[in-house]
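As a plain string of letters, each chain reads:
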Amino acid sequence: MNKLTLFGISIIAVLILLAIFAPLISPYNPQAIDVDNILSPPSRTHILGTDSLGRDLFSRMVYGARVSLEVGLVAVGVSLIIGVLFGSLAGYWGGRVDSLIMRFVDIMLCFPTFFLLITMVAFLKATVFNIMLIIGLTSWMGLARLVRAEVLSIKERDFVRYAKAMGAGNFKIISRHILPHTLPPVLVAAILGMGGAILTESALSFLGLGVQPPTPSWGNILMEGKAVIDIGWWLTLFPGLAILLAVLGYNLLGEGLRR
Amino acid sequence: MFSYFLKRLLNLIPLLLGITIISFAVIHLAPGRPAYLKEMDPRISLEAQEQLIKLYDLDKPLFKQYLNWLKRVLRLDFGNSFVDGRKVIVRIRERLPVTLLINILSMVLIIVVALPIGVISALKPGGLFDKWTTFFVFLGFSLPGFWLALLLMLLLGIKLNWLPISGLKSFDYHQLSFWGKNLDIIKHLILPVSVTAFGGLAGFSRYVRGNMIGVLKQNYIRAAYAQGINKGRIVYKYALKNALLPLITILGLSIPGLIGGSVIFESIFAIPGMGRLLYNSAVARDYPMIMGGLVIGAVLTLLGNLLADLCYAWADPRIKCK
């Protein structure tokens, strides 16, 4: 295994551990306001400093890891369900079904990504779950195209013809004989997608349209940090680095698996 | 060329209809009644809710709602903004030029920077230059653009005070000379344009590299080498031309991301463009504005893609024959 892939895996492992053991790792309550320690720079008591309400940045970022991990999993889960369903239907049946579904994909791709996202956020309530759902609903198109292309090539192979000749139903052929073979490229796309979902969530939260305070997410910590960017550089530097590392981890792992 | 153009134009009709259907569906995100009426969101006044019902005919059957809405959309009538009561289309028209300018400039910047990077790393895959650019491309894919914007703002704007960090014009803009005014706007555009371009840079340079490596392996390139034509001529005249073709499409495909990114960067740099307008409308739940922005944004993307396709057909005669 490649050194870089290993680096990616270890970043994600750390992310998962932080998310699971957040209450044990974080030295302070992430919501605890401390008026005596407002905007104190990184020090021995607060290793990453505190924010404008005196909350410990390190603790908030540890809890923020939970949001990032969840967003990656759920958003990609949603886009996997839609993408695999549409992609396999289009690829397997072809003809009218195929052109209808692919037209739908083309149309979805016309919408400037963030325009669609913030429109949906404006119409729905900005709960963490809704954010994840919306990100999934707007990011399945690439997967659908990928699955369709894979299914198109696999359905002509001999073992599929054999299954058909033996009288297997369409559903069984797709789910048992075709989809397992699409797994490797889909897995790579899903892992890369998790990084993308984290980027999208953090941008939305940074704009104040994603995860709502006081629930900490790396994006909304950055939003709060922007107001005091000239005196509290640590509130901008550390959460951004965390996003960069997490996304880099998924990208390195995805690229490593591709090879 | 003309019949190809006509065919492409006819192709737009179902796509445009699809755009309106999906936009319309977004209004009705929640099953049954729209989410905002169900929730009785305290951010919307009762008056605004009545306005909404009237605007989108929410008390009529779904099919009729859509037809009425479509009829008005075709006349570019998106209703009036809830915030200041002015026509949605007028407000969008005011804001659009800035956004288009920033996006076109950043596209130019992407091409100017990514092209040489991609070509040089393709000349020696696995070489030192290629290794470093691969590393930066990976970093670029993972870097949140808005964070980069914040860092540049902090460094170049606040610490070093080299560049202005918000708006398009300085306070003393009206007292400046003609050249002073232009220089002022250019200074204000440097950060937003470079940050917008950054997102596309990594991907585009990768595509250039990949295409270039593929083309350089072709037989006609080897034949050219065999004939003793010098390397520079082969690379920049014969290979580059062919490697560039598919990139027109890639550039077209990057439009939604670029326009979408304007929401983020115009908000950060307080630039009065369409992205910021849409963002403010989303925060204020100004539904007619949001819907107008969504439809116009999608139509712009569609036109951008059409333009890319036409460029492609113009550059590659094989396409027209198909």
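Residues numbered from 1 in each chain as written. Chains lettered and ligands numbered in written order. Predicted model: local features only at pLDDT ≥ 70, side-chain atom pairs only at ≥ 80, totals over all residues. Heavy atoms only, no water.

**Points about the nonpolar core**
Point 1. Of all hydrophobic cores here, the largest spans 151 residues; its most connected members are A:F114 and B:I268.
Point 2. Both domain 1 (2–74) and domain 2 (95–315) of chain B contribute no fewer than three residues apiece to this core.
Point 3. Aside from chain neighbours lying at most four places away, what touches B:I268 is A:F206, A:K226, B:F146, B:A149 and B:M153.
Point 4. Ranked by size, the runner-up nonpolar core spans 12 residues in total, among them A:Y92, A:V147, A:V160 and A:I173. (Core = buried A, V, L, I, M, F, W, Y, C linked by side-chain atoms within 4.5 Å. Buried < 20%, exposed > 50% of the residue type's maximum accessible area, 1.4 Å probe, protein only. Domains from an automatic or database assignment. Contact = heavy atoms within 4.5 Å.)

**Concerning the environment of A:R96**
Point 1. Mapped onto the elements of the fold, A:R96 is located in helix α4 (residues 95–110).
Point 2. With 144 residues separating them in the primary sequence, A:R96 and A:G240 have C-alpha atoms 46 Å apart. (Helix = DSSP H or I, 4+ residues; strand = E, 2+ residues; numbered from the N terminus.)

**Some words on the packing of α4(A) against helix α1 (residues 2–27) of chain B**
Point 1. The N-to-C vectors of α4(A) and α1(B) enclose an angle of 70 degrees; their axes lie 9 Å apart at closest approach. The orientation of α4(A) with respect to α1(B), classified from their angle, is roughly perpendicular. Regarding α4(A) and α1(B), the two cross each other, and that crossing is right-handed. The segment α4(A) lies against α1(B), with A:R103, A:F104, A:D106, A:I107, A:M108 and A:C110 engaging B:N11, B:P14, B:L15, B:G18, B:I19 and B:I22.
Point 2. When its residues are assigned to classes, the contact of α4(A) with α1(B) shows eight nonpolar, two polar and two charged. (Axes fitted to C-alpha atoms, helices over the stretch in contact; angles between N-to-C directions. Parallel < 35°, antiparallel > 145°, perpendicular 65-115°, else oblique. Left-handed = near helix turned anticlockwise from the far one by under 90°. Nonpolar A, V, L, I, M, F, W, Y, C, P; charged D, E, K, R; others polar.)

**Quick look at the interface of chain A and chain B**
Point 1. With 43 residues of chain A at the interface, the matching set in chain B holds 51 residues.
Point 2. Interface of chain A and chain B: buried area, both sides summed, is about 4,300 Å²; carbon and sulfur atoms make up 81% of it.
Point 3. Inspection of the region where chain A meets chain B yields zero salt bridges.
Point 4. Counting the contacts that link chain A with chain B gives seven residue pairs in polar contact (both at pLDDT 80 or more).
Point 5. Taken together, the elements giving at least two residues each to the side of chain A that touches chain B come down to α4, α5 (113–123), α9 (170–206), α10 (218–226) and α11 (234–258) of chain A.
Point 6. Counting residues per element, the side of chain A that touches chain B draws most heavily on α11(A), at 11 residues.
Point 7. For the side of chain A that touches chain B, the class distribution of residues is 31 nonpolar, six polar and six charged. (Buried area = accessible area lost by both parts, 1.4 Å probe. Salt bridge = Lys/Arg side-chain N within 4 Å of Asp/Glu carboxyl O. Polar contact = N/O pair within 3.5 Å; in protein donor to acceptor, adjacent residues only side chain to side chain.)

**Points about the pattern of salt bridges**
Point 1. Throughout the structure, instances matching the rule amount to 13 salt bridges over all chains.
Point 2. Across the pair A:R161 and A:E156 runs a salt bridge whose closest N-O atoms are separated by 3.3 Å.
Point 3. Two residues, B:D309 and B:R8, come together in a salt bridge whose shortest N-O distance is 2.3 Å. With B:D309 in helix α13 (residues 287–315) and B:R8 in helix α1, this residue pair connects regions lying 301 residues apart in the sequence. With respect to burial, B:D309 and B:R8 carry one shared label: buried.
Point 4. Put simply, A:D51, A:R55, A:R60 and A:E224 are held in one network by salt bridges that share partners.

By themselves, these observations are geometric and do not establish any function.
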